[in-house]
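So you can see what is in the structure, the chains are spelled out below.
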Number of protein chains: 4
Amino acid sequence: MILFCSDYQEGCHPAILQRLSETNLEQTPGYGTDDMCLQAAEMIRKRFHCENAAVHFLVGGTQANATVIDAALRSYEGVLCADTGHINVHETGAIEASGHKVLALPGRDGRITSAQISVAAALQGDDEHTVRPGMVYISLSTEVGTLYNRSQLHDLYQTCHQLGLYLFVDGARLGYALASPVNDLQAEDIAANCDAFTIGGTKCGALFGEVVVLVNPALQPRFRYMMKQHGGLLAKGRLLGIQFQTLMENDLYFTLADHAVKEAMRIRTALMNKHIPLAVDSPTNQLFPIFTDEQLETLEEDFAFSTWERVNESSTAVRICTSWATRPEHVDQLIAAIEKL
Amino acid sequence: MILFCSDYQEGCHPAILQRLSETNLEQTPGYGTDDMCLQAAEMIRKRFHCENAAVHFLVGGTQANATVIDAALRSYEGVLCADTGHINVHETGAIEASGHKVLALPGRDGRITSAQISVAAALQGDDEHTVRPGMVYISLSTEVGTLYNRSQLHDLYQTCHQLGLYLFVDGARLGYALASPVNDLQAEDIAANCDAFTIGGTKCGALFGEVVVLVNPALQPRFRYMMKQHGGLLAKGRLLGIQFQTLMENDLYFTLADHAVKEAMRIRTALMNKHIPLAVDSPTNQLFPIFTDEQLETLEEDFAFSTWERVNESSTAVRICTSWATRPEHVDQLIAAIEKL
Amino acid sequence: MILFCSDYQEGCHPAILQRLSETNLEQTPGYGTDDMCLQAAEMIRKRFHCENAAVHFLVGGTQANATVIDAALRSYEGVLCADTGHINVHETGAIEASGHKVLALPGRDGRITSAQISVAAALQGDDEHTVRPGMVYISLSTEVGTLYNRSQLHDLYQTCHQLGLYLFVDGARLGYALASPVNDLQAEDIAANCDAFTIGGTKCGALFGEVVVLVNPALQPRFRYMMKQHGGLLAKGRLLGIQFQTLMENDLYFTLADHAVKEAMRIRTALMNKHIPLAVDSPTNQLFPIFTDEQLETLEEDFAFSTWERVNESSTAVRICTSWATRPEHVDQLIAAIEKL
Amino acid sequence: MILFCSDYQEGCHPAILQRLSETNLEQTPGYGTDDMCLQAAEMIRKRFHCENAAVHFLVGGTQANATVIDAALRSYEGVLCADTGHINVHETGAIEASGHKVLALPGRDGRITSAQISVAAALQGDDEHTVRPGMVYISLSTEVGTLYNRSQLHDLYQTCHQLGLYLFVDGARLGYALASPVNDLQAEDIAANCDAFTIGGTKCGALFGEVVVLVNPALQPRFRYMMKQHGGLLAKGRLLGIQFQTLMENDLYFTLADHAVKEAMRIRTALMNKHIPLAVDSPTNQLFPIFTDEQLETLEEDFAFSTWERVNESSTAVRICTSWATRPEHVDQLIAAIEKL
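Nothing here was measured: the structure is a model prediction, and the numbers come from that model.

Colleague: So what's going on with the environment of Glu128 of chain A? Residues and values would help.
Modeller: Within the fold, Glu128 of chain A resides in the loop between α6 (114–124) and β5 (132–139). The class for Glu128 of chain A is buried, based on a relative accessible area of 16%. Beyond its immediate stretch of four places on either side in the chain, Glu128 of chain A contacts Thr92 of chain C together with Arg224, Tyr225, Lys228 and Leu233 of chain D. In terms of polar contacts, Glu128 of chain A uses its side chain to reach the side chain of Arg224 of chain D, at 2.4 Å.

Written out as structure tokens, the structure is:
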């Protein structure tokens, strides 16, 4: 069986294991105060053009989201996001567990608009009986693989700024977003158009790890307290530093993401050619074709996908993921199988 | 400089890196549902003689403690522990952050007694104006390296059982406890005398990782929900499975701990010979000598320790840690330096 | 100005003040352990035919809701409710503040159906990445004055029971629901068809006070701890006991509610006669007429309403509330004004 | 039986019931936005000489404490207080329930010193592994009836200010503190020497109600959101406004407190004359005599006290409370009984 279920089904890029081995017996202080972390942070500040940002390393995405949001908001504040947002549907209420309401807005292919944000803020007014929006959360790429373009992101940020809301970009799949053929955002555009963002390692070449970049100085004080309280201050913090050093060197992170998206686009072309409908047309490493039961039965003899949703009585949308680790020959086989359907 | 600051200042035992490399490109499902995790869990159940226990893998100790405690307690329940307990002093209020009061009892060398627990429960009575004790937390070895012996642990467990309290053993340094020359507990005694315990990997040979073993069936249902909500469900859960498989094979975990404690005991002997006083006399991998300022200045030319506490105007207690990674030649050098004081 | 803004704009029924005066200097123990509370609880158990229910008295509705929900749910569980539900929109995230996600379903005139609940439970499956529904919250009457009939309530309860969910009925306006001409529920039907419900005093004749009736024994243990922790254990608990004794005597509570609904129905008839459209057609003490700007300007010379929502460029839905304290002559004046529009 | 158990065992001063009756059918807007509340707030600002303070009215003390503390602190911050502090021992973990650790210091007769605060702050340093003190909580009078004098309060406030900590004075029994013969604080000294304080009504003449006075402007923004989220925004807020208007008029609040303390001092003199030892020597309305079992048995034929603590095998400390409602003839009877012992 060849798995296209997710972008976290393999270990990590070999260069990372190599570096972990080389440094394994070096002695360093704990909790991310080591040189590897300091250097990785500096590389990220440079690459994303945000010299005054605070850069922190956490292990996982839910942890990173919950920590950033809890650090930014007051008790009575909530976070606006698309109803499909990871924090709204796939984090077992981690945001609410630290006391904050997720204020879900009806998304369109995983995205929300600045108009929706303005309306939500206007509706709240400043009524103490309702949760005050304090932050907007978007994911880039979104949970369904879609993107915000430069103009949309800029627009969201301006709107947030005017309304006194923080804009937080969940970049669990940031690499794959930037690698999309239709993307017009540069790395530095992210940092310039939000208050905080994450750079996902887990799904883009690392064993694990999410970088939290706090661009807005108001979010920076005592963030490490929040990390510790949320169980996110890794004792051997250097494991994260080493991984992100490796990923930032020679833009390895971006190269790996490019590979994944190129392979996804090859699959997409095959689906298009076969007139397979798409639940969402994603230009990144996740595809959401709708197969008939018969087609799916055939494909699942050799390939595994994630079930996305039952579309009607005889067909199902699945998620096909590529990743930094996807082998071209596996994609060839999948394409051949699609062509045979 | 040779660091004796902590037991998490190196990477991991090379066998783990080896195994991570070998399995790196295998495809597995995420979140700990893979075979490596299943096998590691089975090995642990066997080794600790607790066939019906639920075994889960988390990344860090604060995360593991907070998740277990939050899963076990109702809102109005708190957790009794020694005032030196990790959850009371070194987790930035993570337990309180999920709503539970830590009910600190004056510890004696890091330990509490069943008499103290009985008194605390009796004092509470069943008064709804006060926090109800719902659990007792002990660490083994304790934060100051001391132990509970078999009779003490059994006694605590009986008391807890009679009072309707869960007993939770934080085993962040469980390996080092079991390896102590004065220890009379077997692995299976732990499982037989508590409701839940952890097996620390981070400080005992792993890159990271703590095993949560839920012995009491009442603690088992939907624990994975709690893990996810606490940000502790690792996407590539297999990284934990692989590490603990490796550590459990041929009792590597115990061998590594033996090494650390043997080296610590060599240092302890040198300190004794030199009549250096100890803030706490620990029989495990942490030592707490009290050095004069002059002595410390001399030693710190070549060695680094953790500052523990200022004892008086001219002397300081430090913590010297050995670990699975401590090199005998480094210990030789430290001993030589102590002898020269 | 005559206020029809809400059902809490006056003090209380004079019989309550009378009783408070009579008992004022009696000495009683605190925190609701006094005889007045015990007797009021017994009267409620009898009147609602739930002899084994635990009955508690709290001061306010948000407090009562948050306490009941927090007491019933585990951390990873959420509460299903209509998107218009008070807990979802008007409690400043009090439910989330104690860690629980409110799982909003699209309501129809403030109501949800058992079909919606079944679908929500089925969608969750038992996936630890998502919040598990643990309770269904409905309000009766709803926030827009509508009702569940006997068959609907029974159906909801059966569905909840089958799915392992608690059903909680927020009866902040329970009196007004039972007094509706279209209602077919008896007091005892409420208790027989849910796990917990409240009986609102604040809006139905009391100075303040909500009764929490815990019908399901699973919800009863240590509820007073939860009350205290939520700041809801009134020192002079007897103030609540005295009020609900008075309200339960000779069915005063129901008599007062009848009055309010009758007056509301008179206004409703006037609106109907004048062909004023209704945003929601409520058969209880809240009405939601849509007035043109011109009509509203005229009416607001003498009367005050709550703004509900702007409907279009030239008209607005308002809320007209009657209560136990509404004077018939004020209603006469309002009707006359409506007729003149 | 004559009860001396607590200062909340009667209703309220008759003038309050009178005023509630007079205003009962007036129509006002809800949630404390009415004129009665505005006027009461203004009276308090004047009486306590704090013209820029924000004044809010809550129902109970636990609610008031939890709301103030939660509003003031960040997640990672805790509140320093005496180990006997109400928030530490008698609020069922309400502070922890909103995520904040109570950092208990060993009190001396219910008090802490600025030296203790300085040491606690110095020990924390700025170590992200430990809870940062963000506030100091003291009660005045304390839970054992003792006082801080002007110099001590000033000293605490200076220390807090220098250390970046808020000072919060729990004045659940503020009236009784100010009425003590040994007190040297004026009302205005309270406001001038803390960041926030409460003025307790429940125990000093009101049916219920605690005033929160936020002197420090940093604590003022959006406090009403916090009140609502904590279930503390009373629908008929005016009930609180009316009560505190009445209590502030002609200094009724202070007159009532004077009465209670005078009566307590008469009992204290009788105890002294009889050489009854005191567990704590309180100069306010709470006394803590230690009676032998025999003495207690005799007294409890006619009087009820609160048990405080068992002192030794044959004697018990009890709490005797007087209040605004204590009748001189009851005190006469108690004194006579003491004299007869």
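Here the narrative resumes.
Colleague: Describe the relation of the copies chain D and chain A, with residues and values.
Modeller: Between the two copies, chain D and chain A, the superposition gives an RMSD of 0.0 Å; the rotation angle is 180° and the shift along the axis is 0.0 Å. Such values leave the two copies arranged in the relation of a two-fold axis. The C-alpha atom lying nearest the rotation axis in chain D is that of Arg74 of chain D; the distance is 4.0 Å. With an isologous cut-off of 70% or more, the 96% of interface residues of chain D that recur at the interface of chain A puts this contact in the isologous class.

Colleague: Could you give an account of the interface of chain D and chain A, naming the residues involved and the relevant values?
Modeller: Contacts between the two partners involve 24 residues from chain D, matched on the other side by 23 residues from chain A. When the two sides are added together, the surface that chain D and chain A hide from each other amounts to roughly 2100 Å², 47% of it contributed by carbon and sulfur. Counting the surface chain D buries against chain A, the share from its top three residues, Tyr76, Glu128 and Tyr225 of chain D, is 35%. At the junction of chain D with chain A, the criterion picks out 4 salt bridges. Note that Asp126 of chain A is salt-bridged to Arg222 of chain D, the shortest N-O span being 3.5 Å. For the interface between chain D and chain A, the tally reads 12 residue pairs in polar contact (both at pLDDT 80 or more).

Colleague: Describe the packing of helix α1 (residues 14–23) of chain A against helix α1 (residues 14–23) of chain B, naming the residues involved and giving the relevant values.
Modeller: Any two packed helices are characterised by how steeply their axes cross, that is the angle between the axes, and by the distance between the axes. Relative orientation of the contacting elements α1 of chain A and α1 of chain B amounts to 170°, with a least axis distance of 11 Å. Classed by the angle they form, the pair α1 of chain A and α1 of chain B counts as roughly antiparallel. Between α1 of chain A, through Leu17, Leu20 and Ser21 of chain A, and α1 of chain B, the contact on the second element is made entirely by Leu17, Leu20 and Ser21 of chain B.

Colleague: Mind laying out the sheet that holds strand β8 (residues 210–214) of chain A, listing which residues take part and the relevant values?
Modeller: All names here are of chain A. Taken in spatial order, the 7 strands line up as β2-β8-β7-β6-β5-β3-β4 in an open sheet, and their pairing is mixed. Of all strands in the sheet, those with a lone pairing partner are β2 (54–58) and β4 (102–105), marking the two edges. Pairs of neighbouring strands in the sheet enclose a mean axial angle of 25°, with direction left out of account. Bridge count between strand β6 (residues 166–170) and strand β7 (residues 196–200): 2 bridges; the pairing is parallel. Note that in β7 the partner of Val169 across the bridge is Phe197. Of the strands in this sheet, β3 (77–82), β4 and β5 are in contact with α6, which crosses β5 at around 165°.

Colleague: Can you explain the interface of chain D and chain C? Please cite residues and give values.
Modeller: Opposite the 46 residues of chain D that make contact, chain C presents 46 residues. For the chain D and chain C pair, buried surface summed over both sides reaches about 3800 Å², with 57% attributable to carbon and sulfur atoms. Three residues stand out in chain D for area buried against chain C, namely Tyr8, Gln27 and Lys236 of chain D, and they jointly supply 19% of the buried area on that side. Taken together, the connections running from chain D to chain C amount to 0 salt bridges. Only β1 (2–3), α1 (14–23), α3 (61–72), α5 (94–97), α10 (223–229) and α11 (238–248) of chain D provide two or more residues apiece to the side of chain D that touches chain C.

About the thresholds
Residues numbered from 1 in each chain as written. Chains lettered and ligands numbered in written order. Predicted model: local features only at pLDDT ≥ 70, side-chain atom pairs only at ≥ 80, totals over all residues. Heavy atoms only, no water. Helix = DSSP H or I, 4+ residues; strand = E, 2+ residues; numbered from the N terminus. Buried < 20%, exposed > 50% of the residue type's maximum accessible area, 1.4 Å probe, protein only. Contact = heavy atoms within 4.5 Å. Polar contact = N/O pair within 3.5 Å; in protein donor to acceptor, adjacent residues only side chain to side chain. Least-squares fit on C-alpha atoms with pLDDT ≥ 70 in both. Buried area = accessible area lost by both parts, 1.4 Å probe. Salt bridge = Lys/Arg side-chain N within 4 Å of Asp/Glu carboxyl O. Axes fitted to C-alpha atoms, helices over the stretch in contact; angles between N-to-C directions. Parallel < 35°, antiparallel > 145°, perpendicular 65-115°, else oblique. Pairing = 2+ DSSP bridges.

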